[in-house]
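# Analysis of the macromolecular model
What follows is each chain in one-letter form.
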Amino acid sequence: MTPVDEGPSVCLDVGSTWTKAALVRPDGALAGFAEHPTTAGDVLAGMDAAVRAVSAAGPSGTGVEPELLACSSAGGGLRLAVIGSDRLTTTEAGHRVACSAGAHVVHVHTGPLEPADVRMLRSTRPGVVLLLGGADGDDPAGLLHNAGRLARARIRTPIVLAGNAAAQEDALALLRATGRTVVPCDNVLPRRGELAPEPARAALAVLYQRHALGGRGPAVAPRFRRLVRVATPDAVGHAASALARICDARVLLVDVGCATTDVHSASLADVRRTVEGDLGVRAAAGGVLVEGQAEGVVDPVEADLLGPTVTRMASEVGLVPRDPGSAAEDRRIAALASVIAVRRHLRVHRDAGRDVELVVLSGGVFRQRDRSGGLGAVVATLRTDPVLAPALRDAPVVVDADFAVVPAGLLAARGRTTAAESLLRDHLLG
C-alpha cells in the first residue's frame, strides 16, 4: 500500500540536448510524458517548460502538487586536454585515461608550454587538464616547467597530475600555490613503454561526476543545485540495481545519449558503471565512427556512407528524424555506440560479462516509435558482435521505449522502491 504522504512525482532528466519529464502516480504508473530542448545558457527555462508540459498532459483534478525528482547529464562529456612529453605516448595515454571515465580528448600538447601554447589550450575550453611528464626517473624539468606555466595561466579548470613521481610534490606545490584545483595520482607512464591509466582514470571519473550535472552560471547554479541532486548515470544505476532485484539476475543496461553512452552491469551484490564521453548519437556521433573503425565494427565503405550523417548529427544536435531513413541511421549509430561501449565496459570490468541474463537498451533514440522493425537490427548487432556474443547471445534484450528507466531510478534513489519496481515491471519488463 502506498503511504498517504506519497503523491505523484514529476521525474525530470536534464540531458545535454533534451530535457525529459515523466509524471508518475504514487503506485508507479506512468501518467504523462513530455520533452523540451535543453535551453542553452539558462537550463532552468527548459526544465520549467518540460514540467509545465507534462503536468498539462497528465490527469487533472488530483489536488496534489507533484513532487519534483530531477537528475542531469547536461554537462555532456568531459573535455580533456593532455599535456606531456612526446606526442605518440601522450596521445595514447590521454585516450586510455579518458576511456570509460566520461571524458574525450579535445587537445594534446607535447613539450614545454609557451604563452602561445597556453592560449591555444584555453581556446579548446577543456573541462580538465591531464598533466603528464615522462617516466619515473626521467628528467623532471619538463614537468616542472609546465606545472609552473599552468600555475601562472588564466586556466582554472581542475588538473589531474599524473607525471614523474620524483617531481610530483614539487609540481603539486607550484600548482597549489596559485590556488589551482589539483588531483594528484600515480604516474600514467611509470616506465618507458608502459601505460598505467587506472589511477588517473579513477580521478577523472570523480571529476566527471561533478561536471555531468551542468547548470552552471551565477544566475542558474543556486536554484539548479537545489532542484538537481543526482547525476543521470547515478539514476540509471539505481534502476539497474532495481532490475537486478526484480529479476534476481545480472543485468546489463546500456544508456545511449546525445553526448555520452554509459553501461551498467548490476547484480544483487553490486553495480558497476562506465561512461563513454566520446560516444553518442548527436554531439559525440563523430566518436562513434572513429572508434567503430578502430574497433573493426565499421568497414571503410560504411564509414564513407555514414560520414555525412555523422557530420550533420554533430552540428545539428537537436535533430529529430523525420523519415524512416534518418531514423534507421540514428539506430545504426546507437547500435555501434552500444557495441563499443559494452566492449569497453567488459575490458574494465572483466567479470561483468559472466551470467548476463537481461540486456536493457535505454535512451531517446530507442523511444522513437519503430514501425519498421528496425530495433531488431540494433539487437542483432549486439548479439552477433564477435566480442560480445559469448556474453550476450542468450540474454533477452528489452528496449526502454516508454522512458521508464530514469524515472524508476529517481524513485529508487528517493527510497520509493515499490513504485520504482512497479514502473519497471509494467513499462519495461511487460
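Each chain carries its own residue numbering, running from 1 in the written order of its sequence. The model is predicted, so local features are restricted to residues of pLDDT at least 70 and side-chain atom pairs to those at 80 or more, both for listing and for counting; the totals for chains, interfaces and linings are taken over all residues. Think of the side-chain values as coming from all heavy atoms in the structure, minus any hydrogens and water.

Under an unreviewed UniProt entry, the name given to the chain is Glutamate mutase L, and the source organism is Pseudonocardia alaniniphila.

### Digging into the side chain of Thr-17
Counting from the N terminus, the helices are the DSSP runs of H or I reaching at least four residues and the strands are the DSSP runs of E reaching at least two. Along the chain, the position of Thr-17 falls in the loop between strand 1 (9-14) and strand 2 (18-24). Note on classification: 1.4 Å probe, protein chains only; a residue is buried when its accessible area is under 20% of the maximum for its type, exposed when over 50%, partly exposed between these limits. Judged by relative accessible area, which is 10%, Thr-17 ranks as buried. Only heavy atoms enter the contact rule, under which two residues are in contact if any of them lie within 4.5 Å. If we ignore the near neighbours within four places in the chain, the residues touching Thr-17 are Pro-37, Thr-38, Cys-258, Val-317 and Gly-318.

### Observations regarding the packing of helix 14 (residues 405-413) against helix 15 (residues 417-429)
Note on definitions: angles span 0 to 180 degrees between N-to-C directions of axes, and those axes are lines fitted to C-alpha atoms, for helices only across the stretch in contact. In contact at an axis separation of 8 Å, helix 14 and helix 15 are set at 165° when each is read in the N-to-C sense. One finds that helix 14 runs roughly antiparallel with respect to helix 15. Considering how the two elements wind past one another, helix 14 and helix 15 form a crossing that is left-handed. Together, Val-405, Pro-407, Ala-408, Leu-411 and Ala-412 of helix 14 and Ala-419, Ala-420, Leu-423, Leu-424 and Leu-428 of helix 15 make up the contact between the two elements. Side-chain classes are defined by residue name, with Ala, Val, Leu, Ile, Met, Phe, Trp, Tyr, Cys and Pro counting as nonpolar, Asp, Glu, Lys and Arg as charged, and the others, Gly among them, as polar. Partitioning the contact of helix 14 with helix 15 into residue classes produces 10 nonpolar, no polar and no charged. Throughout this description, any angle smaller than 35 degrees is read as roughly parallel, any larger than 145 degrees as roughly antiparallel, any in the 65 to 115 degree range as roughly perpendicular, and the remainder as oblique. Handedness of a crossing follows from how the near helix is turned relative to the far one, being left-handed for an anticlockwise turn of less than a right angle and right-handed for a clockwise one.

### Concerning the layout of surface pockets
Its volume calculated, the largest pocket comes out at about 750 Å³. Those elements that place two or more of their residues in the lining of the largest pocket are strand 2, strand 3 (30-37), helix 8 (232-247) and strand 11 (250-256). A breakdown of the residues in the lining of the largest pocket according to their chemical character gives 16 nonpolar, 13 polar and 11 charged. A 1.4 Å probe that fits but cannot get out identifies a cavity on a 1 Å grid over protein atoms alone, an open set with protein on both sides within 12 Å along at least five of seven lines counts as a pocket, and a residue lines either if it has an atom within 4 Å of a point. Grid points are joined across faces, edges and corners, and a volume is the space filled by probe spheres set on the points.

### Observations concerning the pairing of strand 5 (residues 78-84)
Taken across its 7 residues, strand 5 has 6 buried, putting it largely inside the fold. Summarising the sheet, strand 5 and strand 6 (residues 103-110) pair through 7 bridges and their orientation is parallel. What sits directly across from Val-82, in strand 6, is Val-108. What makes two strands pair is DSSP finding at least two bridges between them. The pairing of strand 5 with strand 7 (residues 128-131) spans 4 bridges and is parallel. Bridging across to strand 7, Ala-81 finds its partner in Val-129.

### Overview of the sheet that holds strand 10 (residues 228-231)
Ordered in space as 3-2-1-4-10, the 5 strands form an open sheet in which the pairing is mixed. The two strands at the open ends of the sheet, each matched to only one other strand, are strand 3 and strand 10. Across the sheet, the axes of successive neighbouring strands diverge by a mean angle of 25°, strand direction being ignored. Here 7 bridges tie strand 2 to strand 3, and the two strands are oriented antiparallel to one another. Residue pairing for strand 3: Leu-23 is matched across the bridge by Gly-32.

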